[in-house]
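# Working through the structure, step by step
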Amino acid sequence: MEEKNNGVSTQDIKKKVKRASNNVSFFQLGAERIENKNTAGIFSVANAELSILYNIEEFLNHKKTATRQSIIDDIKKRRRERLSHARKYGRNIPQEIKYFYGLKRLTFDEIDTAFITRFKIFCTSYLGQKTRTVTNQLIFIRTLYNLAIKEQITDGKNYPFAGDNEKIRIGSGNKIGLIKAEITSIENLELERNTSIWHTKNVWLFSYYFAGVRISDVLELKWNDFVDDRLYYQMNKNEKPVSLKIPDQALVIIEYYKTDMSSNEDFVFPFLKKANLKDPEDVFRKSRNATKLLNKNLKQIASLCNIEKNLSNHIARHSFGNIAGSKIHPRKLQKLYRHGDLKTTLNYQANFIHDELDEALDKVLNS
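Note that arginine 105 resides in the loop between helix 5 (93-101) and helix 6 (113-125). For arginine 105, a relative accessible area of 40% gives the class partly exposed. Once the C-alpha coordinates of arginine 105 and glutamate 57 are considered, the two residues, 48 residues apart in sequence, prove to be 9.7 Å apart. When sequence neighbours within four positions are dropped, the list of residues in contact with arginine 105 reads Ser25, Phe26, Phe27, Leu60 and Asn61. Among the polar contacts made by the side chain of arginine 105, one reaches the side chain of asparagine 61 at a distance of 2.6 Å.

Now the structure itself:
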């Protein structure tokens, strides 16, 4: 260890020797990672990764001799029981993490190519998951496996993601945004003030007016984020600071809420006003619940506006990209989208630029 790292400490050595002798399981290392995420306040990741551990446990426990439907029914029953308990008593993340700390089964050497293949089949056949959801779980398994190799928990001889083994590919999928006429129909939609659906319309349009600011960021906006007719805030996803001019359309929405402003520290939109700001997990939970409510209300807004596309929180970003098309220089879009890499912007915007393909098709068919 001293040859590999001059700064090695006795604590590092103790930790590695202890891990090697205890033969840390996949679940135990996963629980440790999730505990770190939860402690750091990254609750969305902690929740998602706990769900993956439950799925892997279901995979290991399912009876191969049972019928497919009975396995599916049992899985759904256990999920309902967990959800019911969480709704009744509140979700106890530390207790769930403790549960997985106690699972010593499934060593990393058991996770080979055959294991991954069987798990993928289980996810699609018994959990009903789409390709992207399965991919996210494989990424989590690979992340833990790499950590296990780094921590010398395993030598990685059965590493299933090397060479010609399992290759994780993230599909792009089609990103479909609204057109200008559909945006206008939402803007002109008359709704009763101060109702849940009225607030939903305002939050969604506010997101769109700022180039598709993530809904979770919009919900957490406070009055002191607005200075000199500009919006200053820090993105939750990558903690990048953002400064944007407030468009006239967004100013109209802001004016609606000024009468309810109690202080500069108050939230602009009402969904998190009852959140306990001293409890980050409570803020996250109320933000997540609000996001679900917004998506539900957006379905009703789409129906009222005769929009057949899947109107959701995230489509505000796609709609801005769709309307921007090739009219704005990618460098400017990169700043508006808050992308760290121009290539990310180019790949994203490629979903909405169809001019060249349309012209080529016209030339063949109409020449």
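Back to the write-up after that little detour.
Moving on to the packing of aromatic side chains. Taken as a whole and assessed by the stated rule, the structure comprises 24 aromatic pairs. Note on phenylalanine 108 and tyrosine 145: the rings are 5.5 Å apart at their centroids and 75° apart in plane angle, and the pair reads as edge-to-face. Pair noted here: phenylalanine 108 is in the loop between helix 5 and helix 6 and tyrosine 145 is in helix 7 (residues 131-150), with a separation of 37 residues, a long-range link. Overall, phenylalanine 108 belongs to the buried group, its relative accessible area being 2%. An aromatic cluster is present here, built from Phe26, Phe27, Tyr54, Tyr99, Phe100, Phe108, Phe140, Tyr145, Tyr159 and Phe161 joined pairwise through their rings. Over the ring of tyrosine 54 we find arginine 82, and its NZ or CZ is 4.0 Å from the ring centre. Residue placement shows lysine 222 over the ring face of phenylalanine 267; its charged tip is 5.2 Å from the ring centre.

Quick look at the sheet that holds strand 3 (residues 241-245) now. In spatial order, the strands read 1-2-3; together these 3 strands make up an open sheet with antiparallel pairing. Looking at the sheet topology across the chains shown, the edges are occupied by strand 1 (226-227) and strand 3.

Two numbers describe how helix 3 (residues 43-61) lies on helix 7: the axes approach to 10 Å, and their chain directions differ by 90°. Relative to helix 7, the element helix 3 is oriented roughly perpendicular. Between helix 3, through Glu49, Ile52, Leu53, Asn55 and Ile56, and helix 7, the contact on the second element is made entirely by Asn136, Gln137, Phe140 and Ile141. Looking at the contact of helix 3 with helix 7, its residues break down into 5 nonpolar, 3 polar and 1 charged.

Now for the nonpolar core. Grouped together as the largest cluster of nonpolar side chains are 51 residues, with contacts concentrated most on Ile186, Trp204, Phe206, Phe226, Phe269 and Leu311. Sorting the residues of this core by element identifies helix 8 (180-187), helix 9 (196-209), helix 10 (215-219), strand 2 (230-234), strand 3, helix 11 (248-257), helix 12 (280-304) and helix 13 (315-324) as the ones contributing at least two each. In terms of residue count, helix 9 provides more of this core than any other element does, 8 residues in total. Those residues in contact with leucine 311 that lie beyond four places of it in its chain are Leu178, Ile186, Trp204, Leu298, Lys299, Ile301 and Ala302. Listed in part, the 39 residues of the second largest apolar core include Val24, Leu53, Phe108 and Ile111.

Conventions used here
Residues numbered from 1 in each chain as written. Predicted model: local features only at pLDDT ≥ 70, side-chain atom pairs only at ≥ 80, totals over all residues. Heavy atoms only, no water. Helix = DSSP H or I, 4+ residues; strand = E, 2+ residues; numbered from the N terminus. Buried < 20%, exposed > 50% of the residue type's maximum accessible area, 1.4 Å probe, protein only. Contact = heavy atoms within 4.5 Å. Polar contact = N/O pair within 3.5 Å; in protein donor to acceptor, adjacent residues only side chain to side chain. Phe/Tyr/Trp six-rings, centres within 6.5 Å; stacked < 30°, edge-to-face > 60°. Lys NZ or Arg CZ within 6 Å of the ring centre and 35° of its normal. Pairing = 2+ DSSP bridges. Axes fitted to C-alpha atoms, helices over the stretch in contact; angles between N-to-C directions. Parallel < 35°, antiparallel > 145°, perpendicular 65-115°, else oblique. Nonpolar A, V, L, I, M, F, W, Y, C, P; charged D, E, K, R; others polar. Core = buried A, V, L, I, M, F, W, Y, C linked by side-chain atoms within 4.5 Å.

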